[in-house]
Protein chains: 4
Amino acid sequence: MIKAGIIGATGYAGGELVRILSGHKEARIVWYGSRSYIDRKYSDVYQNMFQIVDAQCLDDNMEELAEQADVIFTATPQGFCASMMNEEILGKTKVIDLSADYRIKDVSVYEKWYGIEHKSPQFIEEAVYGLCEVNREDIRKARLVANPGCYTTCSILTAFPLAKEGLIDMKTLIIDAKSGTSGAGRGAKVPNLYCEVNENIKAYGVTTHRHTPEIEEQLGYAAEEKVVLTFTPHLVPMNRGILVTEYASLKKSVTDEEIKAVYDKYYGNEHFIRVLKEGICPETKWVEGSNYVDINVKTDPRTNRIIMMGAIDNLVKGAAGQAVQNMNLMFGLPENEGLNLVPMFP
Amino acid sequence: MIKAGIIGATGYAGGELVRILSGHKEARIVWYGSRSYIDRKYSDVYQNMFQIVDAQCLDDNMEELAEQADVIFTATPQGFCASMMNEEILGKTKVIDLSADYRIKDVSVYEKWYGIEHKSPQFIEEAVYGLCEVNREDIRKARLVANPGCYTTCSILTAFPLAKEGLIDMKTLIIDAKSGTSGAGRGAKVPNLYCEVNENIKAYGVTTHRHTPEIEEQLGYAAEEKVVLTFTPHLVPMNRGILVTEYASLKKSVTDEEIKAVYDKYYGNEHFIRVLKEGICPETKWVEGSNYVDINVKTDPRTNRIIMMGAIDNLVKGAAGQAVQNMNLMFGLPENEGLNLVPMFP
Amino acid sequence: MIKAGIIGATGYAGGELVRILSGHKEARIVWYGSRSYIDRKYSDVYQNMFQIVDAQCLDDNMEELAEQADVIFTATPQGFCASMMNEEILGKTKVIDLSADYRIKDVSVYEKWYGIEHKSPQFIEEAVYGLCEVNREDIRKARLVANPGCYTTCSILTAFPLAKEGLIDMKTLIIDAKSGTSGAGRGAKVPNLYCEVNENIKAYGVTTHRHTPEIEEQLGYAAEEKVVLTFTPHLVPMNRGILVTEYASLKKSVTDEEIKAVYDKYYGNEHFIRVLKEGICPETKWVEGSNYVDINVKTDPRTNRIIMMGAIDNLVKGAAGQAVQNMNLMFGLPENEGLNLVPMFP
Amino acid sequence: MIKAGIIGATGYAGGELVRILSGHKEARIVWYGSRSYIDRKYSDVYQNMFQIVDAQCLDDNMEELAEQADVIFTATPQGFCASMMNEEILGKTKVIDLSADYRIKDVSVYEKWYGIEHKSPQFIEEAVYGLCEVNREDIRKARLVANPGCYTTCSILTAFPLAKEGLIDMKTLIIDAKSGTSGAGRGAKVPNLYCEVNENIKAYGVTTHRHTPEIEEQLGYAAEEKVVLTFTPHLVPMNRGILVTEYASLKKSVTDEEIKAVYDKYYGNEHFIRVLKEGICPETKWVEGSNYVDINVKTDPRTNRIIMMGAIDNLVKGAAGQAVQNMNLMFGLPENEGLNLVPMFP
């Protein structure tokens, strides 16, 4: 039985980790870290867990946690994990960081987009980018996994096969992303109030959103070229879900069958990636609560473009679900253990 | 392995049965009945089931189904199950009827409130009212279970201990209920369109809602007197969830501790009923996707009333979840098999 | 032209005052008071007012405002208006207080339910309770109007004719109220976040909500007896709207025609109260954005009860709209000036 | 006083026409046409109009209407207006068609994208495309106005100044549009049910949406070149509002000041177009219920692209509001008569 500790257990991603791990046969949570709620019962904060979780919230003591846990999940603000990390911790336990601290290999890019100094750049090289379907083998051997961002998971996986096969002109790639409000976290801010979000849609972080360099780096590895792209996130009045609509010019004429074959080549055996039937557009509701990524594409002969669409639950495949998938890989468990979550509809 | 057949598999309750049974270790679905979608793939209708359910929709042939299935769930309009039922079917298979056909013992009451003739009244006496926490032992032995209505499940369980112990004046009982829109079904009707429901709340079926006599009958058994009450349902802009707020005068002076002891007496060992801590009001979101009933009460010395509150997910404990709980009882399985669904938040 | 000042102009009720007054032919706003946003452009806070309102936010200086304005609207937290009020201010300007400070005649009741000391009880007697349809003549002559609460406006007007005519047993009156989230204000609190409110419904303030004594006092005047009732508010996932469902026992047998005649007697000539046709239940969406109160009732011979239903837009008739209606009365203008707001659907 | 007739008065766009015209000083509605509700009171269909509109619904008799009305609004399915139109009607009355029948000058393009035969192509040439800010002078003289589509109004106006000034490469233009559900109309269809739309977002009509050729034609006039672009609409869980996010490569290096000057050149004097301050992204909620178009742009030196954003209320500026604006122009009235609708927030 894997002993798991969570730092940041009372945020939305942390709460989702608790929900998922409570159904995991090979892991149990030994530490519910939450600086804001120390000594309060976890189920007082998340009433859905009443009579399911009996534990109390603890401090964010990573040193202590490393003694007690086989794996630590850090669902914390940017900079926290990097500021606490050291060789001793990694010598005792595995770490899956849900923040951005170890996602970007070029520390200057990280520091520029996030506006903070990286406190432990020496671990960046070692850290494995935890996009399971792409880096599976490296993840198995990792001590430190950088769990991908929600927008990035969906954005990368949707375009990956075409980038990898060199079918799209990466200079033309534009990603228009739409997210539910849980992506904004549980902080008490006016723009996240019900009345401000409901009956409303807006773009934000236009040209400056921090997930941009992460997507560029990973799709750059796939395409084997430097990628600079446009990424525009939008806030949608719903709790969960990310939909990305991606646009790129085709580099050569391809049939729909060839496109389908490319996606099947990379995803045909993937449990959590569902390439939909021709003509079916992904909808976030169809993956809600699950670890699935639903993907489909449509070519447009009029413009010589291909429109790629992908949908995930931002808190599952975009955060806690993928983190557990990474844990399963790191501990040699079946990749879908604890993750056979059937999407809930309606 | 129990072979289960579903008639009405493409309604919302039917879809929820499929979701829940797909995680059930001792049952598998052998028949996805849906008159509207015969020969279409089930996952074409419910895209969330893509790559999870591979079957096609079949006709509503109950005779044929009785040959193939150990248990039949009928998630069908009122009158259907009663019109198909016969001794031969019940001789071959167990039936859990999610419609109202066998819920009310007095056939004249059924015919008056539902406005249709009952086609097989001879089975009403035998049918067991499938409110698991109340009729557990009878359900274990039943061939035919009348699965309770969504409003009724929540309304009855919330008041049951106080009715049973004679603490409230049943003549003063008023139930004000609020339901998400999935309770209205998947029929294409203008009043259920997004734009009509969103940003709106209304009462409906005032003084005439069909769940009224069902609640009256069951609470009458508990109170051992004839009960006539007021029940007012409301439509709320959300997908899932029922909240009931019930009002009654106390028959004698009781302390909060005594009230708590009464609820503990009946529900202290119930897996699916959570009596909340003092001062915590049930919220539908905290039970979403799960089979839980969250209950709490508050006494009001100013008015000598007690306000009882209960919350369920209308598609789970209010329909498919309770149906599976009944199946587990009927087949001697652990009552919570397939039902360890952790509420999803947010 | 009436010069109007608003203190608390950047709350939701304050914002609605600005929206309504911007279409009022006989009034203009001379002071946008907002302690939180002093010196910021009002339209930077409420972007809907871009190119409509050019002013900047000012301090909450009531003394100074009394010099400049013919009428002051205080859309402020409880206690603020009472703490600022003095004879000098009332000598110079009229005041319409949207808080509870002058609504309750018995200062001890106010202090008990609100938990604060009243700083200017000497003005309570003079203040007129601004429920226009009930106290119209007194409002015309008032210097200080206590604008009613949102729940109270809807609760009182829905039951008023029956209370006044002695047709219902006031001891049996139960009010189950449902409100959109704008009623909770624009404060940044976790329970008001989108993800906490969306897909959720709950009761709150059970037996203790502060609008209770206000409703009891006013219905007590109507019924000419001391009224003690049960009032339970609920939070609904929508921006605007209050629906009340009220229950009471009939004191004698009355026909539907007699009931209708009673409502017509009091509301037949009221511009803003619409008594709906038989069988039509009020819906909040049908009054959204307007100053209307939609009302209907249904008698239930089975229980000898009458169910009364009322719907308003909590920010209009429940706050800013009624405040402007009061202003119109106080200044001898047509009562509906600036208030011919057609409900917006969908 | 202009006598206005509406055909299709009980659809959402028709209902919005009624709402807006009810506040118009120079027009009154003489005909509420609705084939589905003939002889029923209009306010029985739209309860918000109770005690505001007293009329009954009439047939769709355009010949008869031409006798009685000075202007006819056709808010009808594609093909209806074209099938009824003749010289006699246009000799007697003005027509503002809210369908697509006269929007596209090349009848073969219309027939290809809409899949129906055009029954009166002889009037296409005469019809004026009713995008008020672009074709104002022609509209003043028109007998027949083709009121633009909702997506198209927002898409065109957002990019128009840059297309006109030749600053963007039209071959790179991509429009990602998001719409509330009222755009789908009031038809009773499963995909528009509350439970299907709520908590969900999806693209639809990918590469094939009918508004594409309309946008291409109009932006082609502006750019003075043939335009072929990508347009992708999405369905968002909200009632009202369209947001477009448009992407194009800049043809030359321009400063933010130059861009701002270009928008000011075309829109500086426009009452209904608000170019927002630097850094402010349009939000649909800020224009809800009003005739405004909120626009802003952001250049991205990294990709040499410009991101253009525009927001409207799809039922107002995207349908009924623009139709009334056209009527005002056609009858020589102030362009904003009846349209000083302040956006409602929240």
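Heads up: these notes are all about the structure in this document. Quick caveat, the model's predicted, so the values are computed rather than measured.

Describing the pattern of salt bridges
All names here are of chain A. By the definition in use, this model includes 105 salt bridges over all chains. Here Glu 126 and Arg 143 are joined by a salt bridge, their closest N and O atoms 2.6 Å apart. A residue pair is termed long-range when its members are at least 10 positions apart, and Glu 126 in the loop between α6 (107–114) and β6 (128–129) and Arg 143 in the loop between α7 (132–140) and β7 (144–146) qualify at 17 residues. Taking the relative accessible area as the measure of exposure, Glu 126 reaches 30% and is therefore partly exposed. Residue Arg 143 is classed as partly exposed on the basis of its relative accessible area of 24%. Several salt bridges share partner residues, and in doing so they unite Glu 16, Arg 19, Arg 240 and Asp 313 into one network.

A word on the relation of the copies chain D and chain C
Under the fitted operation, chain D is carried onto chain C by 0.0 Å of movement along the axis and a turn of 180 degrees, and the coordinates agree to an RMSD of 0.0 Å. In short, the pair behaves as if placed about a two-fold rotation axis. Across chain D, the rotation axis passes nearest the C-alpha of Glu 199 of chain D, at a separation of 4.4 Å. Here 100% of the interface residues in chain D have copies in chain C that are interface residues too; the copies meet face to matching face.

As for the packing of helix α8 (residues 150–164) of chain D against helix α11 (residues 256–267) of chain D
Residue and element names in this part refer to chain D. For the pair α8 and α11, interaxial distance at closest approach is 9 Å and the crossing angle is 110 degrees. In terms of axis orientation, α8 runs roughly perpendicular to α11. Here Leu 157, Thr 158, Ala 159, Phe 160, Pro 161, Leu 162 and Lys 164 of α8 come into contact with α11, specifically with Ile 259, Val 262, Tyr 263, Tyr 266 and Tyr 267. The class makeup of the residues in the contact of α8 with α11 is 10 nonpolar, one polar and one charged.

Examining the relation of the copies chain D and chain A
Both copies of the chain are tied together by a single rotation about an axis and a shift running along it. Mapping chain D onto chain A is achieved by rotating through 180 degrees and translating by 0.0 Å along the same axis, at an RMSD of 0.0 Å. By residue overlap, the copies meet face to face through one surface: 100% of the interface positions of chain D are interface positions in chain A.

Notes on the side chain of Glu 196 of chain C
Its place among the elements puts Glu 196 of chain C in helix α9 (residues 194–197). Overall, the relative accessible area of 8% leaves Glu 196 of chain C in the buried class. Ignoring anything within four residues of it in the chain, the contact list for Glu 196 of chain C reads Tyr 12 and Arg 186 of chain A, Phe 345 of chain B together with Val 190 and Pro 191 of chain C.

Quick look at the sheet that holds strand β10 (residues 230–235) of chain C
All names here are of chain C. Pairing is mixed across the open sheet formed by seven strands, whose spatial order is β9-β10-β8-β11-β14-β13-β12. What marks the edges here is a single partner per strand, and that holds for β9 (202–203) and β12 (273–275). Pairing analysis gives eight bridges linking strand β11 (residues 242–249) to strand β14 (residues 305–312), with the strands arranged antiparallel. Across the sheet, Ser 249 pairs through a bridge with Arg 305, a residue of β14.

So, the interface of chain D and chain A
Each partner contributes to the interface: chain D provides 50 residues, whereas chain A provides 50 residues. In total, chain D and chain A occlude about 4100 Å² of area from one another, counting both sides; carbon and sulfur atoms represent 56% of this. Area buried by chain D at its contact with chain A is led by Glu 199, Ile 201 and Arg 302 of chain D, which between them contribute 18% of it. Summed over the shared surface of chain D and chain A, the number is five salt bridges. The partner of Arg 302 of chain A in a salt bridge is Glu 216 of chain D, with the nearest N and O atoms 2.4 Å apart. Only β8 (174–179), α9 (194–197), β9 (202–203), α10 (211–223), β10 (230–235), β11 (242–249), β13 (293–300) and β14 (305–312) of chain D provide two or more residues apiece to the side of chain D that touches chain A. A per-element tally of the side of chain D that touches chain A places β8 of chain D first, with four residues. Here the residues of the side of chain D that touches chain A sort into 21 nonpolar, 14 polar and 15 charged.

Looking at helix α11 (residues 256–267) of chain B
Residues and elements named next belong to chain B. With 12 residues, α11 ought to run about 16 Å at 1.5 Å a step, and its terminal C-alpha atoms sit 16 Å apart, in line with that. Of all the positions in α11, only Ile 259, Val 262, Tyr 263 and Tyr 267 are classed as buried. On an axial view of α11, the arc spanned by its buried residues comes to 110 degrees, and they lie on one face. In α11, those exposed residues whose orientation departs by more than 90 degrees from the buried face are Glu 257 and Lys 265. On its buried face, α11 sits against α8 (150–164), β12 (273–275), β13 (293–300) and β14 (305–312).

Some thoughts on helix α7 (residues 132–140) of chain C
When α7 of chain C is considered as a whole, its buried residues turn out to be Cys 132, Glu 133, Asn 135, Arg 136 and Ile 139 of chain C. Buried positions along α7 of chain C lie against β6 (128–129), β7 (144–146), α8 (150–164), α10 (211–223), β12 and α12 (316–330) of chain C.

Some points on the environment of Asn 296 of chain B
Residues and elements named next belong to chain B. Position of Asn 296 relative to the elements: it lies in strand β13. Taking the relative accessible area as the measure of exposure, Asn 296 reaches 8% and is therefore buried. On a C-alpha basis, the gap between Asn 296 and Ile 280 in space is 7.2 Å, while along the polypeptide they are 16 residues apart. Other than its neighbours up to four places away in sequence, Asn 296 contacts Leu 276, Lys 277, Glu 278, Gly 279, Ile 280, Pro 282, Ile 307, Met 308 and Met 309.

Here we look at the environment of Val 342 of chain D
Relative to the elements of secondary structure, Val 342 of chain D occurs in the segment after α12 (316–330). Beyond its immediate chain neighbours, meaning those up to four positions away, Val 342 of chain D contacts Arg 19, Ser 22, Met 49 and Ile 52 of chain C together with Ser 290 of chain D.

Re the interface of chain D and chain C
Counting residues at the interface gives 38 residues for chain D and 38 residues for chain C. Roughly 3300 Å² of surface becomes buried between chain D and chain C when both sides are summed, with 60% attributable to carbon and sulfur atoms. When the area that chain D buries against chain C is broken down by residue, the three leading residues are Gln 47, Met 344 and Pro 346 of chain D, summing to 19%. Seen at the junction of chain D and chain C, the total is two salt bridges. The residue Lys 277 of chain C makes a salt bridge to Asp 44 of chain D at a minimum N-O spacing of 3.0 Å. On inspection of chain D and its partner chain C, the count reaches 12 residue pairs in polar contact (both at pLDDT 80 or more). Counting only elements with at least two residues in the side of chain D that touches chain C, the list comes to α1 (12–21), α2 (42–45) and β12 (273–275) of chain D. In the side of chain D that touches chain C, the residues fall into 19 nonpolar, eight polar and 11 charged.

Thresholds, definitions, all that
- Residues numbered from 1 in each chain as written.
- Chains lettered and ligands numbered in written order.
- Predicted model: local features only at pLDDT ≥ 70, side-chain atom pairs only at ≥ 80, totals over all residues.
- Heavy atoms only, no water.
- Salt bridge = Lys/Arg side-chain N within 4 Å of Asp/Glu carboxyl O.
- Helix = DSSP H or I, 4+ residues; strand = E, 2+ residues; numbered from the N terminus.
- Buried < 20%, exposed > 50% of the residue type's maximum accessible area, 1.4 Å probe, protein only.
- Least-squares fit on C-alpha atoms with pLDDT ≥ 70 in both.
- Contact = heavy atoms within 4.5 Å.
- Axes fitted to C-alpha atoms, helices over the stretch in contact; angles between N-to-C directions.
- Parallel < 35°, antiparallel > 145°, perpendicular 65-115°, else oblique.
- Nonpolar A, V, L, I, M, F, W, Y, C, P; charged D, E, K, R; others polar.
- Pairing = 2+ DSSP bridges.
- Buried area = accessible area lost by both parts, 1.4 Å probe.
- Expected span 1.5 Å × (residues − 1).
- Arc of directions from axis to C-beta.
- Polar contact = N/O pair within 3.5 Å; in protein donor to acceptor, adjacent residues only side chain to side chain.

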